[in-house]
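Here are the chains, one letter per residue:
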Amino acid sequence: MEQEARVAVERSTPLSISPINLRGKPRFGENVIEIIVFVCGAISIFTTTAIVIVLFQEAWLFFGSPEVDLAEFFGTTTWQPETGRFGIWPLMTSTLITSIIALMVAVPLGLGAAIYLSEYASPQARGYLKPILEVLAGVPTVVYGYFALTFVTPVILQGLLGKGNVEIYNMLSAGLTMGIMILPLVASISEDALSAVPRALREGAYGLGATRLETSLRIVVPAALSGILAAVIVAMSRAVGETMIVALAAGAGPRFTFNPLQAAETMTGHIARISGGDISYASIQYTSIFAIALVLFFMTLLLNLLSGWVVRRFREVYE
Amino acid sequence: MSAQSMDQRDRPTGYLPEGADINRNIAARRLRGAIWQAIFVSSLIIGLLALATLIYTIVDDTFGYIAVQTKVDPEELTGGRPLEELSKEELIEILRANVPAGLFRRFDRDEPFSERSKESVLQLVEERVVGREVVAAYKLTESLLERERIEATVRERFPRAKLEFHSWINREFLTRPMSSVPLLAGVGNAILGSLWVIAITMLLAIPIGILGGVYLEEYASDTWYYRLIETNINNLAGVPSIIYGILGLAVFVRALEALTSGAMFGVTDSNGRTILSAGLTMALLVLPLMIINVREAIRAVPQSLRQASYGLGATKWQTVWHHVLPNALPGILTGTILSVSRAMGETAPLIVIGASTFVVFFPDSVFDKFTVIPIQIYNWTSQPGAQFRSIAAAAIIVLLVTLLALNATAILLRNRLRRNY
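Since the structure is predicted, the reported quantities are computational estimates derived from the model, not experimental observations.

Colleague: Lay out the overall build of chain B in plain terms, naming residues and giving numbers.
Modeller: The secondary structure content of chain B amounts to 19 helices and three strands. Relative to the globule expectation of 22 Å for 421 residues, the C-alpha radius of gyration of chain B, 30 Å, shows a markedly less compact shape. Along the first, second and third principal axes, the C-alpha set of chain B runs to 95 × 75 × 40 Å. A buried classification covers 38% of the 421 residues belonging to chain B. Nonlocal contacts in chain B, meaning residues at least 24 apart in sequence, comprise 76% of its contacts between residues at least 6 apart.

What follows is the structure, given as structure tokens:
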């Protein structure tokens, strides 16, 4: 009886103490602001939806036109819009070749630099080396394109391999320069992953008599593998989508070749060149760049999702 | 060889070196350590060397000797006075006297002389009458090391030409508009174009980015659409910039042409390839970056500040506006500056939405055709000829110095406004 009464009092206390229920007070302004804030956050959804709709809509027109069919698009190796031949492979191979060259430069160098910065360098050295590397990451890609065309091709490639053997526009110089461009990206993501490995693991290795190198390569790098793999995949996605370096240095005109010393246009380079000219919105060339962009979009989306999956799947969690 | 045989991996498990083997084993491991350390250091050095070479190449192209030849001596035209001191009317007279009548009428039709500025007429006179022409250009290294050889070559091949040391980046270069003659070309209208585009981009991206970040950090609860938006923003940050260009081409240039060309507002002489389209496209491009940076800044504001504010009876928005945002300001500013520098250097999307590469006039409204600095660099780099390389390099210096200044400001702001909790 007494207990019941106390419970009743406790229940009624909050209401009886505050004469106005503030929680229930309508706050019109707060609600409006909440809606505005939500809309601003959701604009990104609009961007994605618009990208997907635009790409599919124009690509639908492209594949719907009588000159094109899907089998030809994915199965043949000539891209010649003038004669109505649309096989995406020449654009695809040059994209892959330049990207793979870039990764062959950026992954070993970036990983080496990351291991040095995280495992060897003193805090002071790291303090001024990292910002310099970040400057390299902040240089606009059109500047790298200029660098590829005015230095890498004429001075390095033609100097080493002979002027006759290297075309002015070639995939190798574009790939090498792109490698330099994404090196800081690989270095910085890998360095973050390496630094996140707990100190205790290193101390354990040293305690067992391991050298610094053995500790780095056999303990720290395997422990940070998920981050390093993610860095490589993000780098690949950057290389595939990079435009200005390949537009300037890899050459204009699709060409089905596996020789990196020759010129061949990549997917991004082709989009930039075709859309930069005056094209009519009704032409098949106009819709064709949307089909290429659609393939490009899915390639990079796949790589980005893959890197997220790798991080989740292979992450080692330390207390 | 001995290093290889000492490797534990070649031995059966549980093997422990004994006797003299121990010392050899340790020496070999140390040697391997030293070699690999050298490899790690050199990969970093290669990166730094690449940066140094890049800067060297740019500077090397920007300065150096040029051999200049004129069609007419400007002193003869003016009777000894420098061209710059002449009035607009005198310049027009010189132009009328020295170019074919048809060409003169065409200039007048393009833009009536009465409406042209003095600089514009001066440029025409220099271009068409004086015809200062660079017949040979040399790089800085050559100019410094092989002066005699250059002088001899120029005397022999261009006896009328005058050799002078030229800095391709100078005051005229910064103020003049684009021209097809490298010596007279400038980035004046490109700088203005870049400023216009950045202004529109930031006008949209800053408020939307901040409010979007506020939503994700302060308002959203862990629902399916919150996770969708979050994943989506992270993926958008990885979409290649040229895809945004394609989006801008289809949506802003084409579908919304009435708005972006200004037809809705009575502008008739334009199509959708305008500053407005470029700014809108760039805003979509930097928005994910902006939101990610804002979120990080907001997350760094300690929870205790919010609780204190709620404890005093503040509403959610009052807490965000008076406490969270002011405390996150340094981080937000840094993120904004990083977004600006991203938008400054971005080229591919603007090529796709059709920033014209040959625009000689200065933009004066958002419905104008335009060009930006990176597009000029692209255009000049892809032209054959050493002089175009040189002005490309000069434009690169303009761009890089701007970006460096922006980033230095960001670092300075971050250090000065940082608070420790």
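Right, picking up where we left off after that structure.
Colleague: Any details on the nonpolar core? Residues and values, ideally.
Modeller: When a protein is soluble and globular, its nonpolar side chains tend to lie buried together. One finds Val186 and Ala293 of chain A together with Ile246 of chain B to be the most contacted residues of the largest nonpolar core, which totals 182 residues. Setting aside chain neighbours within four positions, we find Val186 of chain A in contact with Ala106, Val107, Gly110, Leu111, Ala231, Val232 and Ala235 of chain A. Leu91, Ile92, Val121 and Val125 of chain B belong to the second largest nonpolar core, which has six residues in total.

Colleague: So what's going on with the interface of chain B and chain A? Which residues, and what values?
Modeller: Where interface size is given, it is often the accessible area lost as the parts come together that is meant. Taken together, the contact pairs 68 residues of chain B with 65 residues of chain A. If one sorts the elements of the side of chain B that touches chain A by residue count, helix 2 (residues 20–62) of chain B sits on top with 20 residues. Residue composition of the side of chain B that touches chain A, by class: 43 nonpolar, 18 polar and seven charged.

Colleague: Run through the environment of Thr95 of chain A, naming residues and quoting values.
Modeller: All names here are of chain A. Mapped onto the secondary structure, Thr95 falls in helix 4 (residues 89–120). A tally of 29 C-beta atoms within 10 Å means that Thr95 is categorised as buried. In this structure the C-alpha to C-alpha distance between Thr95 and Asn31, which are 64 residues apart in sequence, comes to 49 Å. Dropping the residues within four chain positions of it, Thr95 is found in contact with Val240, Thr266 and Met267.

Colleague: How would you explain the domain arrangement of chain B if you had to name every residue and give the values?
Modeller: Along its sequence, chain B is organised into domain 1 (2–60), domain 2 (63–183) and domain 3 (188–417). Domain 1 of chain B and domain 3 of chain B are separated by 44 Å when their C-alpha centres are compared.

Colleague: Break down the packing of helix 10 (residues 188–219) of chain B against helix 16 (residues 316–345) of chain B for me, with residues and values.
Modeller: A pair of packed helices can be characterised by two numbers: the angle between their axes and the separation between those axes. Residues and elements named next belong to chain B. Interaxial distance between helix 10 and helix 16 falls to 10 Å at its minimum, and their mutual angle equals 140°. One finds that helix 10 runs oblique with respect to helix 16. Considering only the axes of helix 10 and helix 16, their crossing is right-handed. On helix 16, the residues that touch Ser194, Ile198, Thr201, Met202, Ala205, Ile206, Ile210, Val214 and Glu218 of helix 10 are Val320, Val324, Ile332, Thr336, Ser339, Val340, Ala343 and Met344.

Colleague: Please give an account of the environment of Phe252 of chain B that cites residues and values.
Modeller: Residue and element names in this part refer to chain B. Looking at the element boundaries, Phe252 is found in helix 12 (residues 241–255). A C-alpha to C-alpha distance of 55 Å links Phe252 and Arg155, two positions 97 residues apart in sequence. In contact with Phe252, other than residues within four places in its own chain, are Thr260, Gly272, Ser277, Leu280 and Thr281.

Basis of the calculations
- Per chain, residues are indexed from 1 in the order of the written sequence.
- Lettering of chains starts at A and numbering of ligands starts at 1, both following the order in which they are written.
- Local features are withheld for residues below a pLDDT of 70 in this predicted model, meaning they are given only at 70 or higher, and side-chain atom pairs are given and counted only at 80 or more; totals for whole chains, interfaces and linings count all residues.
- Secondary structure elements follow DSSP: runs of H or I of four or more residues count as helices, runs of E of two or more count as strands, with numbering from the N terminus.
- In this description the radius of gyration comes from C-alpha coordinates, and the expected globular size is given by 2.2 Å times residues to the power 0.38.
- Buried, partly exposed and exposed are defined by the number of other C-beta atoms within 10 Å of a residue's own C-beta, namely 20 or more, between the two limits, and 12 or fewer respectively, with C-beta atoms placed from the backbone.
- Contacts here follow a simple rule: the backbone-placed C-beta atoms of the two residues must lie within 7 Å.
- Put simply, a nonpolar core is buried Ala, Val, Leu, Ile, Met, Phe, Trp, Tyr and Cys residues tied into one set by C-beta atoms within 7 Å.
- Polar here means any residue other than Ala, Val, Leu, Ile, Met, Phe, Trp, Tyr, Cys and Pro, which are nonpolar, and Asp, Glu, Lys and Arg, which are charged; Gly is therefore polar.
- For the domain bounds, the source is a domain assignment made automatically or taken from a database.
- To define axes, lines are fitted to C-alpha atoms, for helices over the stretch in contact only, and angles between the resulting N-to-C directions are given on a 0 to 180 degree scale.
- Oblique is the label for any angle not covered by the other classes, which are roughly parallel (under 35 degrees), roughly antiparallel (over 145) and roughly perpendicular (65 to 115).
- Two helices cross in a left-handed way if the nearer one is turned anticlockwise from the farther one by less than a right angle. They cross in a right-handed way if the turn is clockwise.

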